[in-house]
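Here is how the chains run, residue by residue.
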Amino acid sequence: MEVPLLYEIVIIFLLSIVVTIICNRLKLPATVGFLLTGVLCGPSLLGIVSNREAIDHVAEIGVAMLLFTIGMELSGEALNRLKRPVFLGGSLQIGLTVLAVTSLTLLQGGAWQTGVFWGCLVALSSSAIVLRIMQERGTTNTPNGHLSLAILVFQDIMVAPMLLCVPLLAGKLELSLTNMFFSILWVALVLGGVLLFARLGLNKLMEAVVRTRTREILLLTTLGLCMGMALLTSALGLSLSLGAFLAGLLLARSQYSMSVISGILPYRDVFMSLFFISVGMMLDVNFFGQHFLQIIFNTLLFIVIKSLLTLPAVLVQGYPLRTGILTSLSLAQVGEFSFVLAASGLAAGLFDMEAYQNFLAMSVLTMMLTPGLIAAAPRLADLVAGWRNEKQLEREEEKAETQACTLEDHLIIIGFGISGKHLAHVARESRIPYTVLEMNPETVTRYKDKEPIAHGDASQPVVLEHLGVEKARVLAIIISDPAAVRAITIEARRFNPNLYIVARTRFVTEVAPLRRLGANDVIAEEFETSIEVFSRVLTQYLVPRQDIDTFAARIRQENYRMIRRLSNAVDPLDELVSRLPDMGVQAMRLAAASPLCSQTLLQSRLRQKYGVTVVAIHRHGEVQASPGPETRFEPEDIVYLFGKTDKLYAIKPLFSGPRKEHAAAAESKPATA
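Residues numbered from 1 in each chain as written. Predicted model: local features only at pLDDT ≥ 70, side-chain atom pairs only at ≥ 80, totals over all residues. Heavy atoms only, no water.

Draft legend 1. Highlighting the packing of helix α10 (residues 202-211) against helix α11 (residues 215-235). Where α10 meets α11, the closest approach of the two axes is 9 Å, and the angle between their N-to-C directions is 155°. Of the possible angle classes, the one that applies to α10 and α11 is roughly antiparallel. Here α10 runs over α11; the crossing is right-handed. Each of Leu202, Leu205, Met206, Val209 and Val210 in α10 lies in contact with α11, whose residues at this interface are Ile217, Leu218, Thr221 and Leu225. Of the residues contributing to the contact of α10 with α11, the split by class is 8 nonpolar, 1 polar and no charged. (Axes fitted to C-alpha atoms, helices over the stretch in contact; angles between N-to-C directions. Helix = DSSP H or I, 4+ residues; strand = E, 2+ residues; numbered from the N terminus. Parallel < 35°, antiparallel > 145°, perpendicular 65-115°, else oblique. Left-handed = near helix turned anticlockwise from the far one by under 90°. Contact = heavy atoms within 4.5 Å. Nonpolar A, V, L, I, M, F, W, Y, C, P; charged D, E, K, R; others polar.)

Set out below in structure tokens:
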């Protein structure tokens, strides 16, 4: 018995494996491999797929699943921050694009209806490609990632009105005010019912499903909610992916959201690969060869015009030029819903078959170029952002001098997310002078009366000067943009060779490059999360806290010793530190319950018993360096200890409270429960 589509899908998958492996050898993204697979399978070359429409329907499910997972990963705070970029940035981007393309069409003697239609085609970008690449590169949580997502969401919202405009522009539909009123009322009623269900019934449904402890039921419920919401919005004239995105947002509010996202990821990836392949099938190789130069010129012109028209939508929200360029180049391609719009326009007679083929060729080409554009965007952004005329630079330098930071020996915090807020809080509690720099203008407005916060791009030298980087003691870079972290590290080290730079990164592989650029400490989220995980596991097995801290210290030593070897630093100071990879200085506050209180340094025998040396004691606002053997410990002393990292971790309980010998012996091996 012959199964429909099975033959085509098997051949497509096998061919995509070969093409993707070749692209991987050539260091090309998997997305390009899938697009090339579609070109090979298309009717103009091998002609493997006979029922391309069915493949398109399957591929659209992949786009819906991508938007579903993106919606689930958005927290309530992140969604609240995206409201302004969605409606202000999105409407400005689409409005400027439609206006500009319509004006160009009128200048060339075309009809305004054709110009508006082409403007809608050009305005849409590919959610599937952009969000997939950003997830792979780990830039979804950067300002560029948030702005791109916001504009893409608004574009998806506008797909339905654009489709409605096609017959109106072609003069084939007359819409009465009564019909429009009832259509809007119907949409409002349906969406209101969905929100009511999400508030009153969604958590109860998910709780009942989770209690079954059946993975299959959980997966079916997730897919049912995702596809059900997608079909609902499709019935209302909106896009499938918008409905899936809304379903993801609703499930993100549930306490069981993380239980369902892992199950859907493999299905999403399979359907997404089919989407890229289906896009590649649209390219007519013969037509592309006959009009090669014209298509290349139109593609380059499209990328330039769309990037320039997207730029104001970012800059008007207060973001710097660099972020604007990154976002503009990320969205400089034709969107997947443009194909649906183009097919409607062809049927309505808004353009002919030759223009349609030109559009398809240009669309596939822009999608293929998107991974390269996103990869090259940081360098181009740094280059363009550095082009300033001398007078403007002089004015900024004068302004920086007149408004120079008066702080000294202070802490500079770059990024005011969760980590930045926590660091500012403990700095304030510890009476450490600090200043904050944040690139999100809404965050700056929200906290300007509560925190010493300013808006700006820390990769710009003038901004760092204004923050007083030359007089600062510590710079904490707590942002999610890897390229920006590298740029800030380079500039800060150039200004202040003695500055202590702490940078946050996502992956361990990024630690060594940042240390080579000048960062003193690089905190890898991936590595620290692994330590926290095994600490929690060992705690459940009643392993003593001191042993857990010792394990963590040893793993940190091994990891960062390896990173130092990979860094290959040539700085004499770094070379000296590398000789003592296991050593460090730790400050300990002496609690009143500690047995060390009232003991002399000689009596404590810290060096003999614990392998640490007291190098200084901070007491009553004064620091006593190299204390003598008769110096007595007092409660609330801050004692500075030098020794191996594992010894410093092991001695913590001694400073907190009494440590009895029999208790220590009992803790030497884990209890068995």
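Here the narrative resumes.
Draft legend 2. Structural context of the packing of aromatic side chains. This structure, assessed with the given rule, holds 7 aromatic pairs. Judged by centre distance (5.3 Å) and plane angle (90°), the ring pair of Phe117 and Phe351 falls under edge-to-face. A residue pair is termed long-range when its members are at least 10 positions apart, and Phe117 in helix α5 (residues 112-123) and Phe351 in the loop between α17 (336-348) and α18 (353-385) qualify at 234 residues. Across this residue pair, the class does not change: Phe117 and Phe351 are buried. Residues Phe288 and Phe292 carry aromatic rings whose centres are separated by 5.6 Å and whose planes lie at 80° to one another, so their mutual orientation is edge-to-face. One aromatic cluster is present, formed by Phe117, Trp118, Phe351, Tyr356 and Phe359 through successive ring pairs. Over the ring of Phe495 we find Arg494, and its NZ or CZ is 4.8 Å from the ring centre. (Phe/Tyr/Trp six-rings, centres within 6.5 Å; stacked < 30°, edge-to-face > 60°. Buried < 20%, exposed > 50% of the residue type's maximum accessible area, 1.4 Å probe, protein only. Lys NZ or Arg CZ within 6 Å of the ring centre and 35° of its normal.)

Draft legend 3. Just helix α1 (residues 6-25), in detail. In a regular helix each residue adds 1.5 Å, so 20 residues correspond to 28 Å; α1 covers 29 Å between its end C-alpha atoms and thus fits that length. Regarding α1, the residues found buried are Glu8, Ile12, Ser16, Val19, Thr20 and Cys23. Angularly, the buried residues of α1 cover 105° about the axis, an arc narrow enough to put them on a single face. Counted as exposed and oriented over 90 degrees from the buried face of α1: Tyr7 and Arg25. In the segment just after α1, Lys27 is the residue with positive phi, at about 60°. (Expected span 1.5 Å × (residues − 1). Arc of directions from axis to C-beta.)

Draft legend 4. Layout of empty space enclosed by the protein. Counted by the stated rule, this structure contains 2 cavities of 30 Å³ or more. As a volume, the second largest cavity reaches approximately 30 Å³. Looking at the lining of the second largest cavity, the elements with two or more residues in it are α7 (143-157) and α16 (321-330). Tallying contributions element by element places α16 first for the lining of the second largest cavity, with 3 residues. (1 Å grid on protein atoms, 1.4 Å probe; cavity = no way out; pocket = protein on both sides within 12 Å on 5 of 7 lines; lining within 4 Å. Points joined across faces, edges and corners; volume = space filled by probe spheres on them.)

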